[in-house]
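Structural features, examined
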2 protein chains.
Amino acid sequence: MYSVTRPDYRLYLVTDREIIGSKSFYASIEQAIDGGVTFLQLREKSISSREFYQLAQSVKKIAVRFNIPLVINDRLDIALAVDADGVHVGQSDLPVEVARQLLGPNKIIGVSASQVDEALAAEQGGADYLGVGAIFPTGTKTDARLVSLTELEKIKQIVNIPVVAIGGINEENAAAVMDTGIDGISVVSAILAKENTKQASAKLLEIIRKTRNEK
Amino acid sequence: MYSVTRPDYRLYLVTDREIIGSKSFYASIEQAIDGGVTFLQLREKSISSREFYQLAQSVKKIAVRFNIPLVINDRLDIALAVDADGVHVGQSDLPVEVARQLLGPNKIIGVSASQVDEALAAEQGGADYLGVGAIFPTGTKTDARLVSLTELEKIKQIVNIPVVAIGGINEENAAAVMDTGIDGISVVSAILAKENTKQASAKLLEIIRKTRNEK
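Residues numbered from 1 in each chain as written. Chains lettered and ligands numbered in written order. Predicted model: local features only at pLDDT ≥ 70, side-chain atom pairs only at ≥ 80, totals over all residues. Heavy atoms only, no water.

**What about the overall build of chain A?**
A tally of helices and strands in chain A yields 10 helices and 8 strands. For 215 residues, the compact-globule formula gives about 17 Å, and the C-alpha radius of gyration of chain A, at 16 Å, lands near that figure. Referenced to the eigenvectors of the C-alpha coordinate spread, the extents of chain A come out at roughly 40 × 40 × 35 Å. In chain A, buried positions account for 55% of the 215 residues. Accessible surface, chain A as shown: approximately 9400 Å² in total, 47% of it carbon and sulfur. (Helix = DSSP H or I, 4+ residues; strand = E, 2+ residues; numbered from the N terminus. Rg over C-alpha atoms; globule rule 2.2 N^0.38 Å. Buried < 20%, exposed > 50% of the residue type's maximum accessible area, 1.4 Å probe, protein only. Areas by Shrake-Rupley, 256 points an atom, 1.4 Å probe, with all protein chains shown as cover.)

**Structural notes on the sheet that holds strand β7 (residues 163–166) of chain B**
The pairing of strands in a sheet happens through backbone hydrogen bonds and is either parallel or antiparallel. Residue and element names in this part refer to chain B. Spatially, 8 strands are ordered β1-β2-β3-β4-β5-β6-β7-β8 in a closed barrel, and the strand pairing comes out parallel. For this sheet the average axis-to-axis angle between neighbouring strands, irrespective of direction, equals 25 degrees. Taken together, the 4 bridges between strand β4 (residues 86–89) and strand β5 (residues 108–113) define a ladder with parallel strand orientation. Pairing of Val89 across the sheet is with Val111, part of β5. (Pairing = 2+ DSSP bridges. Axes fitted to C-alpha atoms, helices over the stretch in contact; angles between N-to-C directions.)

**Observations regarding the UniProt feature "domain: Thiamine phosphate synthase/TenI" (unreviewed entry) in chain A**
UniProt records the feature "domain: Thiamine phosphate synthase/TenI" (unreviewed entry) at residues 11–191 of chain A, using the numbering of this structure. Taken as a whole, residues 11–191 of chain A contains 41% helix and 19% strand, while its terminal C-alpha atoms sit 10 Å from one another. (UniProt positions renumbered as here; feature names shortened; annotations may be inferred.)

**Structural notes on the pairing of strand β1 (residues 11–14) of chain A**
Residues and elements named next belong to chain A. With burial as the criterion, each face of β1 is covered, one bearing Leu11 and Leu13 and the other bearing Tyr12 and Val14. When β1 meets strand β8 (residues 184–187), the two strands line up parallel, connected through 3 bridges. Considered in β8, the bridge of Tyr12 is made with Ser186. Pairing of β1 with strand β2 (residues 39–42) involves 3 bridges; the strand directions are parallel. Bridge pairing in β2 links Tyr12 to Phe39.

**Some details on the pattern of salt bridges**
Under the definition given, this model contains 32 salt bridges over all chains. With its nearest N and O atoms 3.9 Å apart, the salt bridge here joins Lys194 of chain A to Glu171 of chain A. You can see Lys194 of chain A sitting in the loop between α9 (189–192) and α10 (197–211) and its partner Glu171 of chain A sitting in the loop between β7 (163–166) and α8 (174–178), a full 23 residues away along the chain. Lys194 of chain A gets classed as partly exposed once you look at its relative accessible area, which sits at 33%. For Arg10 of chain B, the salt bridge identified is with Asp8 of chain B, shortest N-O distance 2.8 Å. The class of Arg10 of chain B is buried, set by a relative accessible area of 13%. (Salt bridge = Lys/Arg side-chain N within 4 Å of Asp/Glu carboxyl O.)

**Looking at the nonpolar core**
In this structure, Leu130 and Ile185 of chain A together with Leu130 and Ile185 of chain B are the most contacted members of the largest nonpolar core, which totals 146 residues. Setting aside residues no more than four positions away along its own chain, Leu130 of chain A makes contact with Val111, Ala119, Ala122, Ile155, Val159, Ile161, Pro162, Val163 and Val164 of chain A. (Core = buried A, V, L, I, M, F, W, Y, C linked by side-chain atoms within 4.5 Å. Contact = heavy atoms within 4.5 Å.)

**Quick look at the interface of chain B and chain A**
The interface of chain B with chain A comprises 19 residues on the first partner and 19 residues on the second. Carbon and sulfur atoms supply 62% of the area that chain B and chain A bury against each other, a total of about 1600 Å² over both sides. Considering only the surface of chain B that becomes buried against chain A, Arg50, Asp77 and Leu94 of chain B emerge as the three largest contributors, covering 32% of it. Between Asp77 of chain B and Arg75 of chain A there is a salt bridge, and its shortest N-O distance comes to 4.0 Å. (Buried area = accessible area lost by both parts, 1.4 Å probe.)

**With respect to the environment of Gly139 of chain A**
Inspection of the secondary structure assignment puts Gly139 of chain A in the loop between β6 (129–133) and α7 (149–158). Along the chain, Gly139 of chain A and Gly167 of chain A lie 28 residues apart, while their C-alpha atoms are 8.8 Å from each other.

**Some words on the sheet that holds strand β4 (residues 86–89) of chain A**
All names here are of chain A. Strand order in the closed barrel formed by 8 strands is β1-β2-β3-β4-β5-β6-β7-β8, and the pairing between neighbours is parallel. This sheet shows a mean twist of 25 degrees between the axes of neighbouring strands, independent of strand direction. Pairing of β6 with β7, which is carried by 4 bridges, proceeds in the parallel orientation. Residue pairing in the sheet places Leu130 in a bridge with Val163 of β7. Strands in contact with α10 are β1 and β8; relative to β1, the strand with the most contacts, it is inclined by about 140 degrees.

**Re the relation of the copies chain B and chain A**
It takes a turn of 180 degrees to lay chain B on chain A, together with a shift of 0.0 Å along the axis; the resulting RMSD is 0.0 Å. Taken together, the turn and the small shift mark the pair as related by a two-fold rotation axis. Ranked by how close their C-alpha atoms come to the rotation axis, the residues of chain B are headed by Asp77 of chain B, at 2.3 Å. Both copies contact each other with a shared surface, as 100% of the interface residues of chain B are interface residues in chain A too. (Least-squares fit on C-alpha atoms with pLDDT ≥ 70 in both.)

**Quick look at unusual backbone geometry**
For the peptide bond that leads from Gly133 of chain A to Ala134 of chain A, omega is 5 degrees, which places it in the cis range. One non-glycine residue, Asp74 of chain A, adopts positive backbone phi at about 70 degrees. Along the chain, Asp74 of chain A turns up in the loop between β3 (70–73) and α4 (76–81). The backbone phi angle of Asp83 of chain B is positive, close to 50 degrees, even though this residue is not glycine. By secondary structure assignment, the location of Asp83 of chain B is in the loop between α4 (76–81) and β4. Under the relative-accessibility criterion, Asp83 of chain B is labelled partly exposed at 43%.

**Regarding the side chain of Ser49 of chain A**
When you line up the elements, Ser49 of chain A lands in helix α3 (residues 49–66). At 2.8 Å, the side chain of Ser49 of chain A forms a polar contact with the side chain of Arg75 of chain A. There is a polar contact of 2.6 Å between the side chain of Ser49 of chain A and the side chain of Asp74 of chain B. Once residues lying within four places of it in the same chain are set aside, the contact partners of Ser49 of chain A are Arg75 and Ile78 of chain A together with Asp74, Ser92, Asp93 and Leu94 of chain B. (Polar contact = N/O pair within 3.5 Å; in protein donor to acceptor, adjacent residues only side chain to side chain.)

Here it is as structure tokens:
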């Protein structure tokens, strides 16, 4: 059983149905987990609450079956409705303190941060982990501020909670990002835009494991 | 103190910031309540969760000060975050059963219904009241199915929970709508598009009271 108190953040997949194209959303996710994804975030923006709820119910079943944690982006009500493992909130979402109060101590709360002060405030407010980025320019979130590897390393050194990097990370740059000492990388396109999501995940996890000297 | 178990649904205001134009949102609402609004729903569609939360905090303060109930449209997390009196869910929002489970027995849950079967399902699922419409074509919700006064009356007769009618209701047609035996009317433009929201509310409440033979 995975641990909610110490989740495995090494290969963190954020879903994006638009990027998957004509492939089956659920099959792509299942294969990605099969390949090595260790943590799942369901992100939806233009969708009704009913559709989001139904989608989250289905993804929750996959997460349970594969035994990995699932957090919901932004929508705490959807997370509660499907009993997800937690939420991921950005700086424009509910404040982390409010999320913590509503979810209690046993749910995972992640917070997006792109600066040291945001990182410290999130940790102080009760975040379990940070999603830091965008490390590289990314097509899936074009308005994101860029965070250099030096800044990423600084954030990792200054906080005591796990740090996951996000934004334009792929097979080519993953090792350099991991070498800053962070706990994992978060990807969308590097897995979901690939024809074979299992193979893409396996390759990324292999790179991550090498940087961590894991056998 | 107003009663959450028996709220006063007679004049139910749904907010729409776009319709208010250059006037102050909060002042318009306060004046509308001062004029006679008995129930408040905060509805926002294109807004970040953080902004929705902050807006809801402010409107909650107004509702508390004027001692009327406040429900949040769709977003159960925002309702929880500001401890609103409840939520109003449409057919594309979280199912009423899920909302009831998450909010518990002491919060108000309203459900939009435009047909007898939706009305019965909502009552069965734990709704406290129904919002039935659209009664007349309306600019604030252009995709709404129209419900005739005969259908409205039928729904009111078949359910045991309060029924509020919505959609294009104004000073001219309010009496005819109330004459179907329903519990209140819900408006957006008929109050918020008016220069003087206090006067508009007072006039509507007067019409409603007359149809109910209230002195």
